[in-house]
Structure formats: C-alpha cells, structure tokens
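What follows is the residue order along each chain.
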Amino acid sequence: MTQIFGVPTQALFGQLLIGLINGSFYAMLSLGLAVIFGLLNIINFSHGAQYMLGAFCAWFLLQYAGVGYWWSLIIAPIAVGLTGIVIERTMLARLYKLDHLYGLLLTFGLALIIQGIFTNYYGSSGLPYQLPELLTGAFNLGFMFLPKYRAWVIVASLIVCLGTWFVIEKTSLGATLRAGTENPALVQAFGINVPLMVMLTYAGGAALAALAGVLAAPVIQVTPLMGSNLIIVVFAVVVIGGMGSILGSILTGLALGLIEGLTKVFYPEASNIVVFVIMAIVLMIRPAGLFGKEK
C-alpha cells in the first residue's frame with residue numbers, strides 16, 4: 001500500500017476529505033457570523049442554535065410533512081430567517097447603540113433557551129436524517145471513494161460562501177448595506193429604509209446558519225447539542241480570519257478544517273485544540289486577525 005510520511009494514502013486522503021467537509025461547515029457558519037458582526041456590530045452567540053434549528057426544521061419537514069431534502073434547503077433557511085426577524089425587531093434593535101457585551105449576553109441566553117427547549121423534548125441523542133436518493137453512493141477516484149453527498153456539501157458551501165461574498169463586497173446592494181451600518185442617518189436621507197435593511201441582514205445571517213444545518217443533517221445526526229459543539233470552533237475561525245472579514249472567514253474556515261484533518265492523521269491528541277493554538281498565535285502576532293483591519 002502506498003504511503004506518505006508513513007501514513008497510508010487512503011487514510012490520509014480520507015482525513016483530508018473529512019477536514020474539507022468540516023471546513024465547509026466552519027466557512028458557512030463563520031460567514032454568517034462575519035456578516036452579522038461586520039454589518040451590524042452584533043456578536044451573535046445564538047448562531048449555533050440557528051444552525052441546529054435549520055437541521056431540526058429539515059427533520060420536522062421530512063418526519064411530519066413528508067417534505068424531502070431539496071425543498072428543505074429552501075424552506076428551513078426561510079423559516080429560521082423569519083425567527084431571526086422576530087429576534088432582531090423585538091430584542092437586538094434595542095442594543096445597537098450599546099456595548100458589544102450586551103448583544104453577546106442576549107444571544108448567548110437565547111442559545112441556551114433554544115437548546116434547553118429542544119433537549120427537554122428530544123434529549124441529547126441524535127435523530128437520523130436520510131440521504132437524498134440522488135446523492136447516495138460514491139465516486140471512485142482510484143486512490144479512494146468520495147461519497148457523493150460529501151462532494152455536494154463541499155461544492156454547495158463554496159457556491160453559497162463565494163456568492164455571499166460577491167453580493168456584499170462587489171455589488172451596489174452590498175455597498176448600500178455597508179454604508180447603512182457605518183452612517184445610517186446619511187443613507188436614510190437618501191430614502192433607504194435602514195431598519196428594514198438591518199433586519200433583513202440579521203435574518204440573512206440566521207438563514208445561512210440554517211442552510212448549513214440542513215446540509216449537515218444527513219452527515220451527522222440531528223441533535224440539540226450540534227450547534228453548541230461547533231460554535232466555539234466557529235468563533236475561533238472568525239477571530240483568526242478577522243472579525244467582520246467575510247473573505248477571511250471563508251478562507252480561514254476551509255484552511256482550518258484541512259489543518260484539523262491533517263492533525264488527526266499525524267498527531268490525533270492535538271486535533272481538538274489545534275484551532276485554538278493557531279488562534280492564540282495569530283492574536284499574538286496580529287490582534288485584528290489575518291484579514292481584519294487594524295484600528
């Protein structure tokens with residue numbers, strides 16, 4: 001059997017694939033966090049709960065309405081986005097002029113409440129979500145088998161991440177969003193409804209988290225704890241990439257997923273902490289993050 005640095009190639013590429021899939025979820029979740037922080041200045045700790053809600057929404061649709069995976073990719077993000085609108089209008093809108101800490105504490109409390117409700121009803125054990133029939137099976141790459149669903153997750157997350165980056169950074173809509181958060185009074189003077197724009201931005205960030213949850217549902221079991229298990233790593237990704245940097249979040253998420261996968265091959269004991277070690281090193285060298293702007 002062919003080996004690279006003493007590791008069988010099949011094991012190495014298998015771990016790299018897992019790392020790339022994890023990196024895809026890191027990228028999508030950190031993207032939503034970066035959008036909300038970069039445009040609204042809110043540290044959204046309920047993002048993990050919204051990711052979990054997306055997965056549960058897909059499970060509910062399949063279990064109780066017979067609605068399959070492909071429709072869930074549309075319905076679940078819209079449903080969670082609507083809950084985001086309620087949260088933003090009734091709670092977060094009161095905190096924009098206050099310190100970041102208030103938004104963090106509020107969203108952290110919301111995450112605990114949502115997680116607690118679902119844990120009370122469904123426990124902490126996972127609920128299976130079946131693969132869509134179109135994406136069962138695997139591609140034979142010669143040196144390994146690539147499951148079709150995992151390939152779809154990587155491609156879908158890249159399309160969503162790069163599409164979101166393009167809209168926010170390269171279009172007039174994105175320019176208006178950025179201007180509306182930096183100087184709302186001026187933008188409002190041009191007849192643009194800034195509160196509506198802010199509300200839809202938060203809803204969009206929540207919808208991105210929900211979409212990641214739907215994509216994750218067939219890969220890992222649907223459980224109330226799935227968001228809390230991931231959100232700390234995702235926050236580390238955002239900090240490393242630079243708070244509010246959308247491109248930084250995408251690139252850092254993918255890169256850290258691959259690094260985590262390689263660490264599991266060569267030094268498994270460090271795989272759970274490697275992201276935080278990198279975060280500490282980056283913050284010592286560049287406190288604003290790799291792609292963040294120094295103030």
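A quick note: this is a predicted structure, and the numbers were derived from the prediction, not measured.

A.B. asks: What is the right way to look at the environment of isoleucine 250 in this model?
C.D. replies: With respect to the helices, strands and loops of the structure, isoleucine 250 is situated in helix 10 (residues 246–266). Judged by relative accessible area, isoleucine 250 falls into the buried class, the value being 1%. C-alpha of isoleucine 250 to C-alpha of isoleucine 273: the two residues are 23 residues apart in sequence and 20 Å apart in space.

A.B. asks: Please clarify how the packing of aromatic side chains should be interpreted in this entry.
C.D. replies: Note on aromatic pairs: each is described by the distance of the centres and the angle between the planes. The tally for this structure, following the rule as stated, stands at 16 aromatic pairs. Ring plane angle 70° and centroid distance 5.7 Å describe the contact between tyrosine 69 and tyrosine 149, whose orientation is recorded as edge-to-face. Residue tyrosine 69 is located in helix 3 (residues 69–90), and its partner tyrosine 149 is located in helix 5 (residues 148–170); the two are separated by 80 residues in the primary sequence. When its relative accessible area of 4% is taken as the criterion, tyrosine 69 is described as buried. Taken together, the aromatic side chains of Phe56, Trp59, Phe60, Tyr64, Phe118 and Tyr122 make up a single cluster linked through ring pairs.

A.B. asks: Please explain the environment of isoleucine 246 as it appears in this structure.
C.D. replies: Relative to the elements of secondary structure, isoleucine 246 occurs in helix 10. The contacts of isoleucine 246, once residues within four sequence positions are left out, are Leu31, Ala34, Val35, Trp165, Ile168 and Glu169.

A.B. asks: So what exactly am I meant to see when it comes to the side chain of serine 249 here?
C.D. replies: When you line up the elements, serine 249 lands in helix 10. A relative accessible area of 0% means that serine 249 is categorised as buried. Among the polar contacts listed, one links the side chain of serine 249 to the backbone oxygen of serine 245, at a separation of 2.9 Å. With residues near it in sequence (within four places) discarded, serine 249 still touches Ala27, Ser30, Leu31, Ala34, Val237 and Val238.

A.B. asks: I tried to follow helix 2 (residues 47–65) on my own but got confused; where do I start?
C.D. replies: A turn of α-helix holds 3.6 residues, and therefore any two residues three or four places apart point the same way. Counted at 1.5 Å a residue, the expected span for helix 2 with its 19 residues is 27 Å, and the 26 Å between its end C-alpha atoms agrees. With 14 of 19 residues buried, helix 2 is to be regarded as a mostly interior element.

A.B. asks: I'm lost on the packing of helix 10 against helix 11 (residues 274–285) in this one. Help?
C.D. replies: Packing of helix 10 against helix 11 brings their axes to within 9 Å, and their N-to-C directions diverge by 125°. Relative to helix 11, the element helix 10 lies oblique. Along the contact surface, helix 10 presents Leu256, Ile259, Glu260 and Thr263, while helix 11 presents Val274, Val275 and Ile278. When the residues that make up the contact of helix 10 with helix 11 are grouped by side-chain class, the tally is 5 nonpolar, 1 polar and 1 charged.

A.B. asks: How should I be thinking about the packing of helix 9 (residues 226–241) against helix 11 in this particular structure?
C.D. replies: For any two helices packed against each other, the geometry is given by the interaxial angle and the distance between the axes. The interhelical angle for the contact between helix 9 and helix 11, taken along N-to-C directions, is 25°, at an axis separation of 9 Å. Classified by the angle between their axes, helix 9 and helix 11 sit roughly parallel to one another. For the pair helix 9 and helix 11, the sense of crossing is left-handed. Contact residues: Ile232, Val233, Ala236, Val239 and Ile240 in helix 9; Val275, Phe276, Ile278, Met279, Val282 and Leu283 in helix 11. Considering only residue class, the contact of helix 9 with helix 11 consists of 11 nonpolar, no polar and no charged.

The rules behind each value
- Residues numbered from 1 in each chain as written.
- Predicted model: local features only at pLDDT ≥ 70, side-chain atom pairs only at ≥ 80, totals over all residues.
- Heavy atoms only, no water.
- Helix = DSSP H or I, 4+ residues; strand = E, 2+ residues; numbered from the N terminus.
- Buried < 20%, exposed > 50% of the residue type's maximum accessible area, 1.4 Å probe, protein only.
- Phe/Tyr/Trp six-rings, centres within 6.5 Å; stacked < 30°, edge-to-face > 60°.
- Contact = heavy atoms within 4.5 Å.
- Polar contact = N/O pair within 3.5 Å; in protein donor to acceptor, adjacent residues only side chain to side chain.
- Expected span 1.5 Å × (residues − 1).
- Axes fitted to C-alpha atoms, helices over the stretch in contact; angles between N-to-C directions.
- Parallel < 35°, antiparallel > 145°, perpendicular 65-115°, else oblique.
- Nonpolar A, V, L, I, M, F, W, Y, C, P; charged D, E, K, R; others polar.
- Left-handed = near helix turned anticlockwise from the far one by under 90°.

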